[in-house]
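The lines below spell out each chain.
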Amino acid sequence: MNGHPKRATISDVAEHAGVSRAAVSKVLRGAYGVSDVMKARVEASMEVLGYRPSALARGMRGRSFTLGVFVVDLSNTFVTVLIEGIRAEAGRRGYQVFIGEANMGLSQQQGMIEAMIDRKMDGLVLIAPFGPDEELEKIGRITPTVVLGRHGPGQSYDTVASDDMAGSALIIDHLVSLGHRRIAHLKHVGKEKNEATMPQIVRAEGYVKAMVRHGLADEIDVIETRWNHQGGETAVDLMLARKTPPTAVHAGTDMAGFGVLSRLHELEVRVPEAFSVVGYDNAFAASLPQIALTSVDQSGFDMGSLASKLLVERIDGRTEAVSTLVQPALMVRKTTGPAPLGVVPSRRLLGEGITG
């Protein structure tokens with residue numbers, strides 16, 4: 001029997017720190033969601049016991065050739081286009097894609113992302129995630145990450161976004177060229193705080209700047225709602241309740257735009273004769289002849305495939321952050337037309353049976 005002391009194990013560290021083996025394992029691999037208090041406690045025990053993680057164990061993982069894609073809302077049809085692009089490029093590069101949805105807020109998102117990391121996925125694409133940029137930095141330091149839809153730059157992760165400032169400018173320029181002055185904008189407000197890098201903030205900022213550039217600062221009308229069908233419907237009632245209603249709306253997304261069109265149809269307000277509507281995303285349904293929604297195209301498939309390409313580069317060892325803006329284009333269809341000569345019918349007038 002030699003005199004060498006027994007080497008400390010994960011079990012020893014867990015017992016000394018008064019935590020589970022799983023908790024020690026998470027601290028060792030820098031898992032997402034580990035509190036600073038837990039980290040300090042486990043590291044202190046490792047120091048006392050002289051624990052050193054086995055280099056062999058650290059090197060055994062290798063690649064799983066799987067990518068995790070996190071989405072907030074799968075019901076948004078634009079997200080499915082992004083996923084198609086991600087899958088196509090990932091498949092070409094020999095990777096499988098797994099999708100997780102968390103639409104209930106930041107804590108559910110954290111749990112989902114932690115589960116993806118725990119399942120040894122090689123990297124993550126986060127589509128329009130919640131939370132502050134620091135939270136994204138934390139994830140990026142742990143595993144190769146590309147954030148899709150939110151604006152950069154990041155330090156520890158890559159970003160791919162549409163130039164939302166330019167997209168909003170395209171919409172306002174188009175509507176102003178048709179003679180519209182009273183142009184409203186639907187801004188998404190969800191359960192979580194809107195961070196400055198989120199598309200809803202940048203699109204609203206682009207709207208305001210474009211209105212000011214056209215000398216329409218007094219006509220700025222930002223309506224806070226949800227970027228979904230119901231949010232669009234609700235916004236119509238708010239717009240028509242104005243003393244002088246707008247004649248056009250930048251709906252923020254096609255999903256909200258469809259809700260606007262639906263409610264205007266219900267109220268027998270003619271589009272585009274009495275009211276012009278512009279969406280954002282250029283979802284497939286927007287191009288259907290019976291809808292023909294004017295919309296901003298973000299090249300969603302290309303954005304998705306670019307996100308996959310950048311993620312694989314990160315997995316292969318690139319560490320410098322890349323921040324990419326995709327240039328949007330306006331697809332002009334049948335929901336926009338010249339500004340009406342008279343006032344858009346208000347809810348009050350509609351209630352009296354006058355439908356423009």
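Just so it is clear, the model here is predicted, and its values are computed rather than measured. (Residues numbered from 1 in each chain as written. Predicted model: local features only at pLDDT ≥ 70, side-chain atom pairs only at ≥ 80, totals over all residues. Heavy atoms only, no water.)

Enquirer: I'd like a rundown of the side chain of S168, residues and numbers included.
Expert: As for its placement among the helices and strands, S168 is situated in helix α8 (residues 164–177). With a relative accessible area of 0%, S168 lands in the buried category. Those residues in contact with S168 that sit more than four places away from it in its chain are R203, G206, Y207, H250 and Y280. (Helix = DSSP H or I, 4+ residues; strand = E, 2+ residues; numbered from the N terminus. Buried < 20%, exposed > 50% of the residue type's maximum accessible area, 1.4 Å probe, protein only. Contact = heavy atoms within 4.5 Å.)

Enquirer: I'd like a description of the environment of L264, backed by residues and values.
Expert: Summarising the element assignment, L264 is placed in helix α11 (residues 254–266). Once the C-alpha coordinates of L264 and V236 are considered, the two residues, 28 residues apart in sequence, prove to be 7.1 Å apart. In contact with L264, not counting residues within four places along its chain, are V236, V269, V271, F275 and V277.

Enquirer: Pulling in residues and values, what's your account of the packing of helix α1 (residues 10–17) against helix α2 (residues 21–28)?
Expert: Closest axis-to-axis distance for the α1/α2 pair is 8 Å, and the angle between their directions is 105°. When the axes of α1 and α2 are compared, the pair comes out roughly perpendicular. Residues I10, S11, V13 and A14 of α1 form the contact with α2, whose own contacting residues are R21, V24 and L28. A per-class count over the contact of α1 with α2 returns 5 nonpolar, 1 polar and 1 charged. (Axes fitted to C-alpha atoms, helices over the stretch in contact; angles between N-to-C directions. Parallel < 35°, antiparallel > 145°, perpendicular 65-115°, else oblique. Nonpolar A, V, L, I, M, F, W, Y, C, P; charged D, E, K, R; others polar.)

Enquirer: Can you break down the sheet that holds strand β9 (residues 276–278) residue by residue, with the values?
Expert: Taken in spatial order, the 4 strands make up an open sheet running β7-β6-β8-β9, and their pairing is parallel. Either end of the sheet is taken by a strand with one partner, and the two such strands are β7 (221–225) and β9. Looking at each pair of strands side by side, their axes are set apart by 20° on average, direction ignored. Judged from the 5 bridges that link them, strand β6 (residues 183–188) and β7 form a sheet pairing that is parallel. The partner of H188 across the bridge, within β7, is T225. Packing against the sheet, α11 makes contact with β6, β8 (248–250) and β9, and its axis sits at approximately 160° to β9. (Pairing = 2+ DSSP bridges.)

Enquirer: Please set out the pattern of salt bridges residue by residue, giving values where relevant.
Expert: Tallied over the entire structure, the rule returns 15 salt bridges. Linking D158 and R318 is a salt bridge whose minimum nitrogen-to-oxygen distance equals 2.6 Å. One end of the pair, D158, is in strand β5 (residues 158–162); the other, R318, is in the loop between α12 (300–315) and β11 (323–326), with 160 residues separating them in the sequence. By relative accessible area, which is 0% here, D158 ends up buried. The salt bridge partner of E205 is K209, with a shortest N-O separation of 3.6 Å. You can see E205 and its partner K209 sitting in helix α9 (residues 199–213), 4 residues apart, about one turn around the helix. Linked by salt bridges that have partners in common, D158, K309, E313, R314 and R318 make up one network. (Salt bridge = Lys/Arg side-chain N within 4 Å of Asp/Glu carboxyl O.)

Scope: geometric values only; no functional claims are made or implied.
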